[in-house]
Amino acid sequence: MPARATRAKANSKQKPTPKSGTQSKYWKKETRPAPVDASEEEGESPLGDEGDAFREEEDVSEPESLDSEALDEDDLEDTKKKRKRTGSTSKKSPAKKSTPKKVSPKKTSASPRKKRKIAQEDADEDEDDLELEDGQEVVGVVVQAPKTGRVPPGQISKNTLDFLSELKKPECNDREWRCCAEPVYRLAESEWKAFVEHFTDLLVEADPQIPHLPPKDVIHRIYRDIRFSNDKTPYKTGFSASFSRSGRKGIFAGFKPGGESIIAAGSWCPGKNELQTIRNNLLRSSRRLRRIISAPEFEALFGPARPHPKGLRQNVFGFEDELKVAPKGVDKTHKDIDLLKCRSFAVVHKFTDKQVLSPDFKHELARIVKVVRPFVHCLNDLMTIQNAGSGSEGEDEDGEEGEGASGDGEETGEGED
């Protein structure tokens, strides 16, 4: 059989070369060969010499195409070499694409996209170095507590205000950010607890009716109750605490950054029965309450003891829940109608961040507690004792369930009793 293939080569060399103008015609007929009739072989071809060459070519190639052993070994080797070169080229092409381009020394900074890619690769390498258990994943980098700017126990530092300021940002008020800032939060929390403990010592001196309780019994949690709120941010934006003779329900202290720190004292939205008792006592006599809220030192902190002309908050008046009309069963021309319309009996004093950062801030809070103490004791009596509104001072006649003064600094929370 190889001899036949060699012979086919010899015959192909002897066959006449077709004209260049008819070469395409022969190639078309070669791709679709037709059976050759014996009668045509004996007669003359209508194409002349070119037709004879065509038939000779068909005669030689037909047996080779039918018999696999008659294939030209040289042609097979050429085909294999071509395929090998093609495969090697296709394999090398992806490698060229994946090869990183050399950065020109003139470029001093990479593109934002490249920076993000590099940062992601670094994060992936750090994650690979960690030994994570099943279900664990890396959510961020832990921020260490600040080493500078710390203050002695009993003071509020700028670090605490900065942490609370970050909580105000929507992108930071989530659990992932809080987990990353856990050391910072723990430092701010310990600082707040130390402040509350030192302030409690001054508070019980200003109002002996308030017991000396540990910070854990008076400090409020930083977690918000989001069950019935459209605002689903999980954390409050300030620290807070409340004090009273009955525990956490009384005096309230809290701090928030941005000039929102306050100290508040009184009764915020008392219950239906307590509110009705206060109004009944005021209908009998409002002399004691008016004397307290009209004192010069009281008005200096909370404003004049009368409703604001524009309905703003002033003294005990102007709260959002204040009635627009007289309560049921009360004449709208009653001389104490301004007090009877109130649903909350509380006063609020604000502080700036500069005041909160002052080393003597706790002493300023204690001074305000001394001013609001008669007001708090009066409200305790109005809620629990009948005919309590006409007493001379009544500071020693406090009931069992009254509310106390409330302190709230804007840097850590809001205040309310």
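We now turn to the structure provided with this report. Along each chain, numbering runs from 1 in the same order as the chain's sequence is written. Reporting of local features is limited, given that this is a predicted model, to residues whose pLDDT is at least 70; pairs of side-chain atoms are given and counted only at 80 or more, and all residues count toward the totals for whole chains, interfaces and linings. Values reported for side chains reflect all heavy atoms of the structure, with hydrogen atoms and water molecules removed beforehand.

### Here we look at the pattern of salt bridges
Any Lys or Arg side-chain nitrogen located within 4 Å of an Asp or Glu carboxyl oxygen qualifies as a salt bridge. In this structure the tally under the stated criterion is 16 salt bridges. Note that Arg290 is salt-bridged to Asp338, the shortest N-O span being 2.7 Å. Taken together, the residues span a long stretch of sequence, with Arg290 in helix α11 (residues 287–293) and Asp338 in helix α13 (residues 337–340) at a distance of 48 residues. Since its relative accessible area comes to 21%, Arg290 is described here as partly exposed. Asp336 is the salt-bridge partner of Lys335, the closest N and O atoms lying 3.0 Å from each other. Through salt bridges with shared partners, a single network forms among Arg178, Glu182, Arg186 and Glu189. Strands here are runs of E lasting at least two residues and helices are runs of H or I lasting at least four, both read from the DSSP assignment and numbered beginning at the N terminus. Under the scheme applied here, a residue whose accessible area is under 20% of the maximum for its type counts as buried, over 50% as exposed, and between as partly exposed, the area being computed with a 1.4 Å probe on protein chains only.

### Considering helix α9 (residues 182–206)
A helix is expected to reach a length of 1.5 Å times the quantity of its residues less one. Compared with an ideal rise of 1.5 Å per residue, which puts 25 residues at 36 Å, α9 spans 36 Å between its outermost C-alpha atoms and is within 8% of the ideal. Along α9, the helix axis deviates most sharply at Thr200, where the bend reaches about 25 degrees. Across the chain, bend at a residue is computed as the angle between axes fitted to the seven residues ending at that point and the seven starting from it.

### Some thoughts on the side chain of Gln155
Secondary-structure assignment places Gln155 in the loop between α6 (112–129) and α7 (158–167). A relative accessible area of 15% places Gln155 in the buried class. If near-sequence neighbours (up to four positions away) are discounted, Gln155 is found in contact with Glu191, Phe195, Leu357 and Pro359. In what follows, residue pairs with any heavy atoms lying within 4.5 Å of each other are defined as contacts.

### A look at the packing of aromatic side chains
Note on aromatic pairs: the rings of Phe, Tyr and Trp (six-membered ring only in Trp) are paired at centre separations within 6.5 Å, and the planes decide the class, stacked below 30 degrees, edge-to-face beyond 60, tilted for the rest. With the rule as written, the count across this model stands at 13 aromatic pairs. We count a charge as sitting over a ring when the NZ of a lysine or the CZ of an arginine lies within 6 Å of the ring centre and within 35 degrees of the ring normal. Sitting above the plane of the Tyr185 ring, Arg178 keeps its charged end 4.1 Å from the centroid.

### Things to note about the packing of helix α10 (residues 272–284) against helix α15 (residues 361–384)
It is at 7 Å that the axes of α10 and α15 come closest, and there the two elements cross at 100 degrees. By the angle class used here, α10 and α15 are roughly perpendicular. For the pair α10 and α15, contact is made by Glu274, Thr277, Ile278, Asn281 and Leu282 and by Asp381, Leu382 and Met383, respectively. Residue polarity follows a fixed list, in which Ala, Val, Leu, Ile, Met, Phe, Trp, Tyr, Cys and Pro are nonpolar, Asp, Glu, Lys and Arg are charged, and the others, Gly among them, are polar. When grouped by side-chain class, the residues that make up the contact of α10 with α15 number four nonpolar, two polar and two charged. In this analysis an axis means a line fitted to C-alpha atoms, helices contributing only their contacting stretch, and an angle means the value between N-to-C directions, from 0 to 180 degrees. Note that the term roughly parallel is reserved for angles under 35 degrees, roughly antiparallel for angles over 145, roughly perpendicular for angles of 65 to 115, and oblique for everything else.

### Looking at a positive patch on the surface
Like charges are joined within 9 Å and nonpolar side chains (Val, Leu, Ile, Met, Phe, Trp, Tyr) within 5 Å, but only among residues with over 30% relative accessible area and no salt bridge; these make up the patches. Residue-level accessible areas treat just the shown protein chains as cover; the underlying method is Shrake-Rupley with a 1.4 Å probe. Asp and Glu count as negative and Lys and Arg as positive, but His and the ends of the chain are not part of the count. In this description, the location of a charge corresponds to atom NZ of lysine, CZ of arginine, CG of aspartate or CD of glutamate. A cluster of like positive charges, contributed by Arg113, Lys114, Arg116 and Lys117, occupies part of the molecular surface. Note on Lys117: relative accessible area 55%, which makes it exposed.

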